[in-house]
Amino acid sequence: MTRSSQLFAEALRYLPGGVNSPVRAFRAVGGEPFFAQRAYGARVEDVDGRAYIDYVGSWGPAILGHAPPAVIAAVQETAKAGTSFGIPNPLEVELARHICEAVPSVEKVRMTNSGTESTMTAIRLARGYTRRDKLIKFEGCYHGHVDSLLVKAGSGALTLGQPDSAGIPAALAALTLTLPFNDLDAVRAAFTQHRNEIAAVILQPIPANAGLIPPQPGFLEALRQLCTEHGTLLIFDEVMTGFRLGPGGAQELLGVRPDLTCLGKVIGGGLPVGAVGGSAAIMDFLAPVGPVYQAGTLSGNPLAMAAGLAQLRILKAENIYARLEKLGALLETETRAALKAAGLDYAFYRYGSMFCLFFTPGSVRNLDDAKKADLPRFARFFHALLDAGIYIAPSQFETGFISAAHTEQDIEETARQMREALRG
Ligand SMILES: *Cc1c(COP(=O)(O)O)cnc(C)c1O
């Protein structure tokens, strides 16, 4: 029996499902999760001493790879001066300034402790600012485990077949209108039917929690225009894409400015951080200036701020995004070649260092398309790769991440193992 198996058996006694976040349990692909001992660069190593080339990267934060020396040093140095103050500290100001300078639509920012807190805050702020209650979200978009947003959600919720969680009052869920992604007619109809009632449209500008789904040309621009016309706030959930696709995230890449932006993952350097930002006029609706209450004992935590700052400084100073694009392009070429050689139908999508392979014959424009993927084939592919020392997310409905610590050799080795795996 492996040490991972022993630990999982024990974990099942003390933690629901043996985990603290559902997708980690491997339910979508079968088998048991491995337990991590450590992670460095592009590798994670399990408690049995096996190393894997990692394309999960802690689900997004590890854009420089695991344990980048500058981030670790910043955390160690900062910890010597105390791990939490509950009093303003200089690092909060520095990280906030860095974010405001990089993200086109953000003038002020409020730090939180997770992506979930950032989307929760964004929708409360939008409701307070517009004095309206209803929200539009899109099927398959995941915005954390916020009550109002866990309606037809992606990621773990979708993986487990629970896009609608139990425990959410029907009265609250009724305020969330859920529409198919890339369907402008549906959005127009909702605005007509609920005139002057919609506080916000929230979306991932590039949905990446039902697999990776490209926005159709003009879709985001039209949403921007509709929101402006109707006095509705446009919220981009860039928890995954922020500082991942470039310093200004998807909004800079695609040239559309939201009213509010949710951040997390990369900006925390692997520590628990989230943030919500927007124009000063909207952000000043937050307490203590405005009437919308939001708070956090550990918000702006010095260790988290130091880790995030160290990571963002490296992203800015070194030509990281160009390197990620090069590695991403290589992985794309190799993956397409492997699938062609295997004679399999597939759809492959990639933005820089984010990628997703669907085992499906058609293109993927929305959640319904994504659900047509061959899930048993994905599960076989996942396990064949894992056995060969390659770790991708244990679900078809997730996105892969490349880090700056991956090498061309890592990608070539991955491609070799993919070709093997696709034979099965
Ligand atoms: C991960 C993620 C969240 C939730 O962030 P947590 O830190 O897990 O709460 C929200 N939105 C998107 C787009 C995410 O990828």
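Our structure is the block above this text.
Here's what I pulled together on the structure shown here. Remember, it's a predicted structure, so these values are computed and weren't measured experimentally.

### Topic: the overall build of the protein chain
Moving on, step 1. Helix and strand counts for the protein chain stand at 15 helices and 14 strands.
Moving on, step 2. Scaling as 2.2 N^0.38, a compact globule of 424 residues should have a C-alpha radius of gyration of about 22 Å, and the protein chain matches this with 21 Å.
Moving on, step 3. The proportion of buried residues among the 424 residues of the protein chain is 58%.

### Points about the packing of aromatic side chains
Moving on, step 1. Summed over all chains, the structure comprises 11 aromatic pairs.
Moving on, step 2. The interplanar angle of 15° and the centroid separation of 4.5 Å between the aromatic rings of phenylalanine 34 and tyrosine 52 together place this pair among those described as stacked. Here phenylalanine 34, found in the loop between helix H1 (3-14) and strand E1 (36-40), pairs with tyrosine 52, found in strand E3 (residues 51-54); they are 18 residues apart in sequence, far enough to count as distant.
Moving on, step 3. Under the relative-accessibility criterion, tyrosine 52 is labelled buried at 4%.
Moving on, step 4. Here the aromatic rings of phenylalanine 348 and phenylalanine 355 are separated by 6.4 Å at their centres, their planes lie at 15°, and the arrangement is stacked.

### Observations concerning the side chain of glutamate 117
Moving on, step 1. Note on placement: glutamate 117 falls in helix H4 (residues 115-130).
Moving on, step 2. Of the buried charged residues, glutamate 117 lacks a salt bridge, with arginine 124 as the closest side chain of opposite charge at 8.7 Å.
Moving on, step 3. In contact with glutamate 117, other than residues within four places in its own chain, are Thr112 and Gln294.

### Overview of the sheet that holds strand E12 (residues 354-358)
Moving on, step 1. Taking strand neighbours across the sheet as the criterion, the 3 strands line up as E11-E12-E14 in an open arrangement whose pairing is antiparallel. At either margin of the open sheet sits one strand with a lone partner, and together these are strand E11 (347-351) and strand E14 (400-401).
Moving on, step 2. Where E12 and E14 come together, 2 bridges link them in antiparallel fashion. Its bridge partner being in E14, methionine 354 is matched across the sheet by phenylalanine 401.
Moving on, step 3. Against the sheet, helix H12 (residues 320-342) makes contact with E11 and E12, and its axis sits at roughly 175° relative to E11, the strand it touches most.

### Quick notes on H4
Because an α-helix completes one turn every 3.6 residues, residues spaced three or four positions apart along the sequence face the same direction.
Moving on, step 1. Over its 16 residues, H4 extends 23 Å from the first C-alpha to the last, a length consistent with the 22 Å expected when each residue adds 1.5 Å.
Moving on, step 2. In terms of residue burial, H4 counts as a mostly covered element, since 12 of its 16 residues are buried.
Moving on, step 3. When we look at burial in H4, the residues that qualify are Gly115, Thr116, Glu117, Ser118, Thr119, Thr121, Ala122, Ile123, Leu125, Ala126, Arg127 and Thr130.

### A short note on the sheet that holds strand E13 (residues 390-391)
Moving on, step 1. If you walk across this open sheet you meet the 4 strands as E1-E2-E3-E13, and the pairing is mixed. The strands lining the two open edges of the sheet, one partner per strand, are E1 and E13.
Moving on, step 2. Sheet analysis places E3 next to E13, joined by 2 bridges and oriented parallel. Directly across from isoleucine 53, in E13, lies its bridge partner isoleucine 390.
Moving on, step 3. Helix H15 (residues 408-423) rests against strand E2 (43-46), E3 and E13 of the sheet, and its axis sits at about 100° to E3.

### A few points about the pattern of salt bridges
Moving on, step 1. Throughout the structure, instances matching the rule amount to 17 salt bridges.
Moving on, step 2. When the shortest N-O distance is used, the salt bridge between glutamate 94 and arginine 313 registers 2.2 Å. Here the residue glutamate 94 occupies a position in helix H3 (residues 90-102), and arginine 313 occupies one in helix H11 (residues 302-317), the gap between them amounting to 219 residues.
Moving on, step 3. Note on glutamate 94: relative accessible area 26%, which makes it partly exposed.
Moving on, step 4. We note a salt bridge from aspartate 185 to arginine 188, for which the minimum N-O separation is 3.5 Å. Linking aspartate 185 with arginine 188, this pair stays in helix H7 (residues 184-193), spanning 3 residues, or about one helical turn.
Moving on, step 5. Using a relative accessible area of 57% as the deciding quantity, one classes aspartate 185 as exposed.
Moving on, step 6. A cluster of three or more residues bridged by salt bridges with shared partners is formed by Glu325, Glu332, Arg336 and Arg350.

### Description of the site of the ligand
Moving on, step 1. Around the ligand, the neighbouring residues are Ser114, Gly115, Thr116, Tyr142, His143, Gly144, Gln204, Asn209, Asp237, Val239, Met240 and Lys265.
Moving on, step 2. One of the side-chain N or O atoms of lysine 265 is found 2.6 Å from an oxygen atom in the ligand.
Moving on, step 3. When isolated, the ligand has an accessible area of 380 Å², and the protein chains bury 83% of it.
Moving on, step 4. Its residues placed into classes, the shell around the ligand shows 3 nonpolar, 7 polar and 2 charged.

### Details of the state of the cysteines
Here is the idea: a disulfide is a covalent bond, and it sits between the sulfur atoms of two cysteines.
Moving on, step 1. Tallying each qualifying case throughout the model produces 0 disulfides.
Moving on, step 2. The thiol of cysteine 262 is unpaired, and the distance to the nearest cysteine sulfur, on cysteine 141, comes to 12 Å.

### A look at the environment of valine 201
Moving on, step 1. Structurally, the position occupied by valine 201 is in strand E7 (residues 198-203).
Moving on, step 2. Residues valine 201 and leucine 226, spaced 25 residues apart in sequence, show a C-alpha to C-alpha distance of 9.8 Å.
Moving on, step 3. Those residues in contact with valine 201 that lie beyond four places of it in its chain are Ile136, Phe138, Phe191, Cys227, Thr232, Leu233, Leu234 and Ile235.

### Quick word on the layout of surface pockets
Moving on, step 1. Taken as a whole, the second largest pocket holds about 400 Å³ of empty space.
Moving on, step 2. Every residue lining the second largest pocket is counted, 19 residues in all, and those nearest its centre are Pro88, Asn89, Glu92, Ser299 and Gly300.

### Section: empty space enclosed by the protein
Moving on, step 1. In this structure the tally under the stated criterion is 3 cavities of 30 Å³ or more.
Moving on, step 2. In this model, the largest cavity occupies a volume close to 230 Å³.
Moving on, step 3. Taken together, 19 residues line the largest cavity, and the ones lying closest to its centre are Phe355, Cys356, Leu357, Phe381 and Ile392.
Moving on, step 4. Those elements that place two or more of their residues in the lining of the largest cavity are H12, E12, helix H14 (375-387) and H15.
Moving on, step 5. Taken together, the residues that form the lining of the largest cavity break down as 12 nonpolar, 6 polar and 1 charged.

Conventions used here
- Residues numbered from 1 in each chain as written.
- Predicted model: local features only at pLDDT ≥ 70, side-chain atom pairs only at ≥ 80, totals over all residues.
- Heavy atoms only, no water.
- Helix = DSSP H or I, 4+ residues; strand = E, 2+ residues; numbered from the N terminus.
- Rg over C-alpha atoms; globule rule 2.2 N^0.38 Å.
- Buried < 20%, exposed > 50% of the residue type's maximum accessible area, 1.4 Å probe, protein only.
- Phe/Tyr/Trp six-rings, centres within 6.5 Å; stacked < 30°, edge-to-face > 60°.
- Lys, Arg positive; Asp, Glu negative; His and termini not counted.
- Salt bridge = Lys/Arg side-chain N within 4 Å of Asp/Glu carboxyl O.
- Contact = heavy atoms within 4.5 Å.
- Pairing = 2+ DSSP bridges.
- Axes fitted to C-alpha atoms, helices over the stretch in contact; angles between N-to-C directions.
- Expected span 1.5 Å × (residues − 1).
- Near = heavy atom within 4 Å.
- Polar contact = N/O pair within 3.5 Å; in protein donor to acceptor, adjacent residues only side chain to side chain.
- Areas by Shrake-Rupley, 256 points an atom, 1.4 Å probe, with all protein chains shown as cover.
- Nonpolar A, V, L, I, M, F, W, Y, C, P; charged D, E, K, R; others polar.
- Disulfide = S-S within 2.5 Å.
- 1 Å grid on protein atoms, 1.4 Å probe; cavity = no way out; pocket = protein on both sides within 12 Å on 5 of 7 lines; lining within 4 Å.
- Points joined across faces, edges and corners; volume = space filled by probe spheres on them.

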